[in-house]
Amino acid sequence: MNKPKTQVNIDTATRTRIAIAVGALVVAGGLAFAALPATQFTTKIEKSCTVTHVDFKKACKKKGYYSEAKISCGDSAPKNHTEECLSAKEWETRAEKICLNQCSSSEKTTQATNQPTPSKNQPIVEDSNIVSLESCPKVQLEEGMIYQLSKNIENKDNCFAFRGNNITLDCKWNTISGDGLAVEIVGDNNTVKNCTLLDGTNGIVVEGNSNTIENNTLKANNSRGIEIKNGNNNRIVGNYIERTQNGNAIQIGATQRQERNGTRGNVIQENELSFNTGYSVALLEAQETNIESNEFKQNEDISIYLYDTLPVREGAPRIRHSNSITNNSFSNERKGSIFIDEMNYTVIAHNTFRGLQFDENSNVKQNYILVKKGDYNSIEHNIFSANGENLTGVDISYAGVVSTDLLVQNRITDNSFSSLRTAVFVGNSEETVVQNNVITNSERGISLGQAEFASIIRNELTGNNTGIIVGQRTNQSSIVNNTAERNSIGLRFEVPRAFEIFEDELAEDVENYYPNRTNVSNNRFCSNRNADISCVAQVNSRG
């Protein structure tokens, strides 16, 4: 029996109102649900999928890296997991994947998107933005993707070419070996990590900004290890680079350039560089580079080389390169640690220099730090020590030759020098300051060559053969408030005729021997075996 029409209309309207009401409740409920804290609606997933604790067990040689961790997922019992050395951040990422794999199939479904089964020899897409590779890719790398190596691969040409931004290559400590360029980056905010690169022509070349090269091992590359040709604010962190042949282990700046490109703000930090035959780090026209907390060991050539020969407009101010070299350690190098060639405003601070190798077959003077050309550089709070006949701590000298091109206002302050042939040599320079240094057990403490307006102030010289040497070409310099004790000779002047100044000979007799109006005042030269001027403070002795 059919219902009356009015009843049908009422039922229809009622159903409509009910549907609207239910929809409103659903929307309101959804909004309220969305507003709840995460812990109120993800409890089920957290029971097995969420990382609740990571406890690092075995520390690696590299600070902040671990090879074993105990991982707890939700309420499950913790389990030990071992990997190659990973940072704390990398262990956290690893823990998330481990816990996700422990989810029930239903929980996994709620968190992962379905992916089609790849055909043979195609990249395996493990997640919406993770691709697993078993060979050098033949396709363009996509922005925003993470590419992971699942095995060691052979590189016969150029393996990885980044042509974009926000791309990550994680080799998972697998090896890329063979000829050609392993990785080329042209873009910004890209990352290369956990790769072992062997026997390639080049390791990694970068053109772009804010890229990160971290936790990689590069061995026996034929041309160079890591090069930033052009770009700002890139980071080279936590890499191990050894035995780079015929090139530089790390290079910032191109070797041939017509104008300064403003490569700035790049960071070289916590790397270990050993047994390299070229420069371990080369800065070419680079500015505001931070070289910090690296370890340089047994390199065949200079460890850090700073160079800029691009012309400066006539009348223009000096280029403020403002590079900093801080908290690094240098040991057992063959040719020297730091070579500044045409660079200004460099800060070299809080570094340790030990065990520079002495070549017995060479008469060439070896230096920890040589400033050949450069002004307003500061060398401070470093420790220098060695055992060798021809070793110099700091050389400010235009490569040790007489020149009218003087280095201006370089500072050597608050350093410790021991067991060197010459701790500090100042020549071919103007307004150099040597101040508050401690110099012990060396052949020569401070030696002045062609130094004009140099200031030698408040240094302590003990147990040296000669504390301070003033050369014939020294001009209008000051030696003030220094202490020289228990040296063979406290102060020596290199003048045409030999002389000795003993304790009982005072300033009136000494003035005749001071070369070129050099001021020697308020020093304490005491208990030296020869040539003590006085065992009490001098007052205004002037040549």
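Our subject is the structure listed above.
In this report, we go over the structure that sits alongside the text. (Residues numbered from 1 in each chain as written. Predicted model: local features only at pLDDT ≥ 70, side-chain atom pairs only at ≥ 80, totals over all residues. Heavy atoms only, no water.)

## Side note on the overall build of the protein chain
Here is the rule: Helix and strand definitions here come from DSSP, where helices need a minimum of 4 consecutive H or I residues and strands a minimum of 2 consecutive E residues; each element is numbered from the N-terminal end. Should any heavy atoms of two residues lie within 4.5 Å, those residues are considered in contact. Where accessible areas are quoted, they stem from the Shrake-Rupley method and a 1.4 Å probe; at the residue level, only the protein chains shown are allowed to cover.
The helix and strand tally for the protein chain stands at five helices and 53 strands. Once local pairs closer than 6 in sequence are excluded, the contacts in the protein chain between residues at least 24 apart make up 49%. Summed over all atoms, the accessible surface of the protein chain reaches about 26,400 Å², with 46% contributed by carbon and sulfur.

## Notes on the sheet that holds strand S40 (residues 429-430)
Put simply, the rule is: Each pair of strands is called paired provided DSSP finds at least two bridges between the two strands.
Taken together, the three strands give an open sheet; going across it, the order is S36-S40-S44, and neighbouring strands pair in parallel fashion. Because the sheet does not close on itself, it has two edges, and the strands there are strand S36 (407-408) and strand S44 (451-452). Taken together, the two bridges between S36 and S40 define a ladder with parallel strand orientation. Each bridged residue has a counterpart across the sheet, and for Leu 407 the counterpart in S40 is Ser 429.

## Things to note about the state of the cysteines
Disulfide: a covalent bond connecting the sulfur atoms of a pair of cysteines. The cut-off we apply is this: By convention in this document, the label disulfide applies to cysteine sulfur atom pairs within 2.5 Å. For every residue, the accessible area obtained with a 1.4 Å probe (protein chains only) is divided by the maximum for its type, and the residue is called buried under 20%, exposed over 50%, and partly exposed between those limits.
Under the criterion given, the structure shown has four disulfides. Across a sulfur-sulfur distance of 2.0 Å, Cys 73 and Cys 99 are joined as a disulfide pair. Taking the torsion about the sulfur-sulfur bond, which here is approximately -80°, the covalent link between Cys 73 and Cys 99 counts as left-handed. Residue Cys 73 is located in strand S2 (residues 65-73), and its partner Cys 99 is located in helix H3 (residues 88-101); the two are separated by 26 residues in the primary sequence. At a sulfur-sulfur separation of 2.0 Å, the disulfide partner of Cys 171 is Cys 195. Taking the sign of the S-S torsion, about 75° here, the bridge from Cys 171 to Cys 195 comes out right-handed. On the criterion of sequence distance, the pair formed by Cys 171 in the loop between strand S9 (168-170) and strand S10 (175-177) and Cys 195 in the loop between strand S12 (191-193) and strand S13 (196-198) is long-range, its members being 24 residues apart. Under the relative-accessibility criterion, Cys 171 is labelled buried at 0%. Taking relative accessible area as the criterion, Cys 195 reaches 1% and is therefore assigned buried.

## Looking at empty space enclosed by the protein
Gaps between atoms show up when a probe of the same size as a water molecule is rolled over them. Rules: Lining residues are defined by having an atom within 4 Å of a point belonging to a cavity or pocket. Those points lie on a 1 Å grid over the protein atoms alone, cavities being sets where a 1.4 Å probe fits but cannot get out and pockets being open sets with protein on both sides within 12 Å along at least five of seven lines. Grid points are joined across faces, edges and corners, and a volume is the space filled by probe spheres set on the points.
Taken as a whole and assessed by the stated rule, the structure comprises two cavities of 30 Å³ or more. What the largest cavity holds in volume is close to 40 Å³. Around the largest cavity sit Asn 155, Ile 176, Ser 177, Gly 178, Gly 180, Ala 182, Leu 197, Leu 198, Gly 200, Asn 202, Gly 203 and Asn 221, which together line it. Mapped onto the lining of the largest cavity, the elements with two or more residues apiece are S10, S13 and strand S14 (202-207).

## Here's the deal with the side chain of Asn 437
Its place among the elements puts Asn 437 in the loop between strand S41 (433-435) and strand S42 (438-440). Given the relative accessible area of 0%, Asn 437 is considered buried.

## Section: the packing of aromatic side chains
Test applied: Two aromatic rings, drawn from Phe, Tyr or Trp (for Trp, its six-membered ring), form a pair once their centres lie within 6.5 Å of each other, and the interplanar angle then sorts them: stacked below 30 degrees, edge-to-face above 60, tilted otherwise.
In this structure the tally under the stated criterion is eleven aromatic pairs. With centroids separated by 4.8 Å and ring planes inclined at 5°, the aromatic side chains of Phe 296 and Phe 330 adopt a geometry described as stacked. Separated by 34 residues along the polypeptide, Phe 296 in strand S25 (residues 295-297) and Phe 330 in strand S28 (residues 329-331) bring together distant segments of the chain. As far as burial versus exposure is concerned, Phe 296 and Phe 330 are alike and both buried. Considering the side-chain rings of Phe 330 and Phe 353, the 4.8 Å spacing of their centres and the 5° angle between planes classify their relative orientation as stacked.

## As for the pairing of strand S26 (residues 304-307)
Pairing between strand S23 (residues 281-284) and S26: four bridges, direction parallel. Bridge pairing links Val 281 to Ile 304 in S26.

## A few points about H3
Two residues of an α-helix separated by three or four positions point the same way, owing to the 3.6 residues in each turn. The following threshold applies: A helix's residues, less one, multiplied by 1.5 Å, set its expected span.
Along its 14 residues, H3 runs 20 Å from first to last C-alpha, staying within 8% of the 20 Å computed at 1.5 Å per residue. For H3, the full list of buried residues reads Glu 90, Trp 91, Ala 95, Ile 98 and Cys 99.

## Describing the nonpolar core
Cut-off, in case you're wondering: Take the buried Ala, Val, Leu, Ile, Met, Phe, Trp, Tyr and Cys residues and link them wherever side-chain atoms come within 4.5 Å; each set so joined is a nonpolar core.
Grouped together as the largest cluster of nonpolar side chains are 81 residues, with contacts concentrated most on Phe 160, Ile 338 and Ile 369. Contacts of Ile 338, omitting those with residues within four sequence positions, involve Ile 302, Ile 304, Leu 306, Ile 325, Phe 330, Ile 348, Phe 353, Tyr 368, Ile 369 and Leu 370. Grouped together as the second largest cluster of nonpolar side chains are eight residues, Ala 69, Cys 73, Trp 91 and Cys 99 included.

## Considering the pattern of salt bridges
Threshold: A pairing counts as a salt bridge when a side-chain nitrogen of Lys or Arg comes within 4 Å of a carboxyl oxygen of Asp or Glu.
Scanning the entire structure with this criterion turns up ten salt bridges. Measuring nitrogen to oxygen at the nearest pair gives 2.9 Å for the salt bridge that ties Arg 264 to Glu 288. Residue Arg 264 is found in the loop between strand S20 (250-252) and strand S21 (267-269), and its partner Glu 288 is found in the loop between S23 and strand S24 (290-292); the two are separated by 24 residues along the sequence. Residue Arg 264 is classed as partly exposed on the basis of its relative accessible area of 33%. What makes Glu 288 partly exposed here is its relative accessible area of 41%. For Lys 297, the salt bridge goes to Glu 272, with nearest N and O atoms at 3.3 Å. You can see Lys 297 sitting in strand S25 and its partner Glu 272 sitting in strand S22 (residues 272-274), a full 25 residues away along the chain. Ionic contacts of the salt-bridge type, sharing partners, join the residues Glu 272, Glu 295 and Lys 297 into one network.

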